[in-house]
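Survey of secondary and tertiary structure
Each chain, written out:
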Amino acid sequence: MDKFIVRKAAVLGAGVMGAQIAAHLVNAKVAVVLFDLPAKEGPKNGIAARAVAGLKKLNPAPLGRADLADEIAVANYEDDLEKLRDCDLVIEAIAERLDWKHDLYAKIAPAIAPHAILATNTSGLSIGKLAEGLPAELRARFCGVHFFNPPRYMHLVELIATRDTSPAIVDQLESFLTTTLGKGCVRAKDTPNFIANRIGIFGILATVREAERFGLGLDVVDDLTGARLGRAKSGTFRTADVVGLDTVGHVMKTMQDNLRDDPFHALYATPAVFSTLIGRGALGQKSGGGFYRKDGTKILRFDAASGDYVASGAKADETVVRMLKKKTWGERLALLRESKNPQAQFVWALLRDGFHYAAAKLEEIADNARDVDLAMRFGFGMEQGPFEVWQQAGWTQVAEWIREDIDAGKALAKVPLPAWVFAGKVAERGGVHQPEGSYSPARDAFVPRAEQPVYARQIFRASVMGENAPDPRTAGTTVYENDAIRLWTLDRDEYRNVLIASIRSKMHAIGPDVIEGLMRGVELAESKYRGLVVWSPDDPFSVGADVQALLPVFMSGGVKAVEPLERRLQEAMLRLRYAQVPTVAAVSGMALGGGCELLLYCARRVAHLESYIGLVEVGIGLVPGAGGLAYGARRAAEERQAAPDAYLLHFLTKYFTAAAMAEVAKSALEARATGWLLDSDLVVFNRYELLYVALNEAIAMSEAGYRAPRRAKFAVAGRSVLATIEAQLANLRDGGFASAHDYHLARLIAEAMCGGDVDEGTIVDEEWILGLERRAFLSLLNHPKTQERAMGMMQTGKPVRN
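Residues numbered from 1 in each chain as written. Predicted model: local features only at pLDDT ≥ 70, side-chain atom pairs only at ≥ 80, totals over all residues. Heavy atoms only, no water.

1. Some remarks on the side chain of His 741
To keep things clear, this is the line we draw: Secondary structure elements are defined from DSSP: runs of H or I of at least 4 residues count as helices, runs of E of at least 2 residues count as strands, and each element is numbered from the N terminus. Buried, partly exposed and exposed residues are distinguished by accessible area as a fraction of the type maximum, computed with a 1.4 Å probe on protein chains only: under 20%, between the cut-offs, and over 50%, respectively. Residues count as neighbours in contact if any of their non-hydrogen atoms are within 4.5 Å of one another.
Relative to the assigned elements, His 741 resides in helix α26 (residues 740-754). Overall, the relative accessible area of 3% leaves His 741 in the buried class. Every residue in contact with His 741, bar those within four places of it in the chain, is listed here: Gly 621, Leu 780, His 783, Lys 785, Thr 786, Arg 789 and Asn 802.

Set out below in structure tokens:
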């Protein structure tokens, strides 16, 4: 397969999806042109330009850095079609009207380069019918590419080929989407709403019907259908509010209009509660309210019976919660089905309806069961797909329960389960997922994964239950482990010589066992390996120091007992920085406080785009104590070397402000702008490729003859700059913008970063600043305001302002 390089892309349509797809392309350093209709008034590119400007205001942010919006070029279909000629990829994302899309295709086709791929982001229109609007020579390079909203954050992209699409084109596009944009690609058949929306929207429809049957309110339903079921914690109705009720309604209508012969068709009718809210313009988050709305500090929910909003906050019955906490799905489903509790009956009915529909539609919408489960996980935030849950609960038993409910008229539709559920390979093997592959009804076989070259970059690929894929928590050869950390190597020749440190404490908090494991890791890596990679199979990277582990030490021995632990943590950071082999932090998710400091003291960082990095200690009334302030002081001095006549405060300010304000970078790109990542660090868009890139980076650094940096000595700002910062802090305090304790914490941070009571320009080493950090950190442990903040955070998970 020829290599497909996307140097430049065009997005046609500057609506919600089109503009955000353009944003994610520019996140990935792809040059982008965003097209829309010529404006009737003002600049002709005004529609696209306003969409680009609007990207900076959206939450969650579609851009990795707000200023990246300036890199999106704008265009219109009347004057700028020639700009398509140097685009390698063209993504159409205009309104869901077949005739409008055909009109646009006729206009753009002559300008599309002979090598370029044209893809439509339709959410449900037939790709085959859309292809009919293209000249024959372009049809081989045309397919569906269905992003989920919001495109930056949702992992799923569905790829849909037509009978004319070149297989190589789909492979090339999948490689680009997987590595460059970080997506999880699933190939879907060309049926209305494809895979995820077909199953997911049916799930919403079933939820509404079953909730009405069992008399449950929206808030109870959301509590039951969120994290308790291993799904998105927002539940069903809050998720609909985020997506937009009009958007959900549109997908429902696609099913109504295009699936008239479907035996489930009667169930596709838009529920009355949706119609009521849409009719009122209550479309969810974007309109200020939908199923839920804010009233001051209160959250109200819509009550269909009264047609008004009422207080929300009701939770699932504790009896049902206990059922859902049982160890296996088999235990859970048996208890739910047998219970007379309406909430338990609701949950069983909802899961049964999902199993029933997924089995009935598998052959129609997907090649195999794996594609359905991965689509639901990547697109709807499920921990396990419907077939995985069914198989884990006991395939044959659950199938019999579903058949009994269908026969008894309890299921939503009197549609029998397919014959393959009860007979043949699936019944004999006890499920659709097996080590050799996942079941395909069309082929009556367990189909192995396609092995495109791009997936060689995923050492631990997303797997389904029953596949028996290696578990990254136990894979490879363990070299050393304790309860909080594991040191190990992969059993692959190319990577055996790199040691991996995987933190496994809760939230990957850094306590004494993690510290000792990291010290042991550096020692082992220097003696036997070519490098050390700090990587864990799950997020977050680390939320920082294990405060709860320090609490009993402090309670029994006071500050003196904590001081050796604090000193040891600082020693571990320096050990990582000055190791004689490259140390690489593979970062994803939150890297806060000590987690931020851990990555700062590695020789190199490989960060997933969705890395949220910052020094947040002031939130619990402390200051960074594991080298974060020393890092900021050193980096400010190093940056000043490029402009020696500049005032050191200019370079120090961003590091001081970040620590004093507990600022968190909202992406790896933002972290690079704020100084937590360097230009030499790598940003990876696909979480599943993170370990591969980090290991290869460690090997490349070793091959290049890596040598640890010299022990740093640098100039500090001293007492004069400290006095300037103190004056500014006093103004904030006296103006009511900061509390007295905020002032005290910020002053301690400033004192450490300025080097203490020394002259400006004094040369110090890292140990000097670390000593100031340590003194400041320990001085706060007995402070009553700090203790209030720490206890408040541990009890509520929210910062206390005092």
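Read on for the rest.
2. With respect to the sheet that holds strand β10 (residues 298-303)
Which entries qualify depends on this criterion: Strands are labelled as partners when DSSP assigns at least two bridges between them. Only the contacting stretch of a helix is used when fitting its axis, a line to C-alpha atoms as for every element, and angles between N-to-C directions run 0 to 180 degrees.
If you walk across this open sheet you meet the 3 strands as β9-β10-β11, and the pairing is antiparallel. Edge strands, defined here as strands with exactly one partner in the open sheet, are β9 (292-295) and β11 (308-311). Across the sheet, the axes of successive neighbouring strands diverge by a mean angle of 45°, strand direction being ignored. In terms of strand pairing, β10 meets β11 through 4 bridges, oriented antiparallel. Looking at β11, one finds that Phe 302 is bridged to Tyr 309.

3. A look at helix α19 (residues 547-577)
What counts, and what does not: Take the residue count of a helix, subtract one, and multiply by 1.5 Å to get its expected span. Consider a residue and the seven residues that end there alongside the seven that start there; fitting an axis to each set, the bend is the angle between those axes.
If you check α19, its first and last C-alpha atoms are just 24 Å apart, much less than what 31 residues at 1.5 Å a residue would give, namely 45 Å. The largest bend in α19 amounts to roughly 130° and is located at Gly 557. Residues Leu 550, Phe 554, Val 562, Glu 566, Leu 569, Gln 570, Ala 572, Met 573, Leu 574, Leu 576 and Arg 577 constitute the buried set of α19.

4. Describing the sheet that holds strand β17 (residues 498-503)
Pairing in this open sheet of 7 strands is mixed, and the strands run β15-β16-β17-β18-β19-β20-β21 from one edge to the other. At either end of the open sheet lies a strand with only one pairing partner, and these are β15 (477-481) and β21 (682-684). Across this sheet, the average inter-strand angle for adjacent strands is 25°, counted without regard to direction. By the bridge criterion, 4 bridges tie β17 to strand β18 (residues 531-534) in an arrangement that is parallel. Residue pairing in the sheet places Leu 499 in a bridge with Leu 532 of β18.

5. Some remarks on the packing of helix α7 (residues 196-214) against helix α10 (residues 245-258)
The criterion, for reference: Here is the rule for angles: anything less than 35 degrees is roughly parallel, anything more than 145 is roughly antiparallel, 65 through 115 is roughly perpendicular, and the remaining ranges are oblique. Polarity classes work like this: nonpolar for Ala, Val, Leu, Ile, Met, Phe, Trp, Tyr, Cys and Pro, charged for Asp, Glu, Lys and Arg, and polar for all others, with Gly in that last group.
Between α7 and α10, whose axes approach to 10 Å, the crossing angle comes to 105°. In this view, α7 runs roughly perpendicular relative to α10, as classed from their interaxial angle. Between α7, through Asn 197, Arg 198, Ile 201, Ile 204 and Leu 205, and α10, the contact on the second element is made entirely by Val 248, Val 251, Met 252 and Met 255. For the contact of α7 with α10, the residue count by class is 7 nonpolar, 1 polar and 1 charged.

6. Some words on the pairing of β9
Here 4 bridges tie β9 to β10, and the two strands are oriented antiparallel to one another. Directly across from Arg 293, in β10, lies its bridge partner Leu 300. Connecting β9 to the antiparallel partner β10 that follows it, the hairpin turn spans 2 residues, and Gly 296 within it adopts a positive phi of roughly 70°.

7. Some thoughts on the nonpolar core
Our working definition: To form a nonpolar core, buried Ala, Val, Leu, Ile, Met, Phe, Trp, Tyr and Cys residues must be joined to one another through side-chain atoms within 4.5 Å.
Formed by 122 residues in total, the largest nonpolar core has its most connected members in Phe 274, Phe 291, Leu 333, Phe 387, Trp 390 and Trp 420. Ranked by the residues each element gives to this core, the list is headed by helix α14 (residues 342-365), at 13 residues. When neighbours within four sequence positions are excluded, Phe 274 is seen to be in contact with Ile 204, Val 208, Ala 240, Leu 245, Val 248, Met 252 and Phe 291. Met 519, Ile 620, Leu 729 and Ala 730 belong to the second-largest nonpolar core, a separate cluster that totals 93 residues.

8. Observations concerning the pattern of salt bridges
Stated precisely, the cut-off is as follows: In the sections that follow, a salt bridge refers to a side-chain nitrogen of Lys or Arg positioned within 4 Å of a carboxyl oxygen of Asp or Glu.
Enumeration over the complete set of coordinates arrives at 66 salt bridges. Note that Asp 219 and Arg 301 form a salt bridge whose closest N and O atoms lie 3.4 Å from each other. Placement of Asp 219 in helix α8 (residues 218-224) and of Arg 301 in strand β10 is noted, with a sequence separation of 82 residues between them. The burial state of Asp 219 is the same as that of Arg 301; both residues are buried. Look at the salt bridges and you will find they share partners, linking Glu 210, Arg 213, Arg 337, Arg 352, Asp 353, Glu 404 and Asp 405 into a network.

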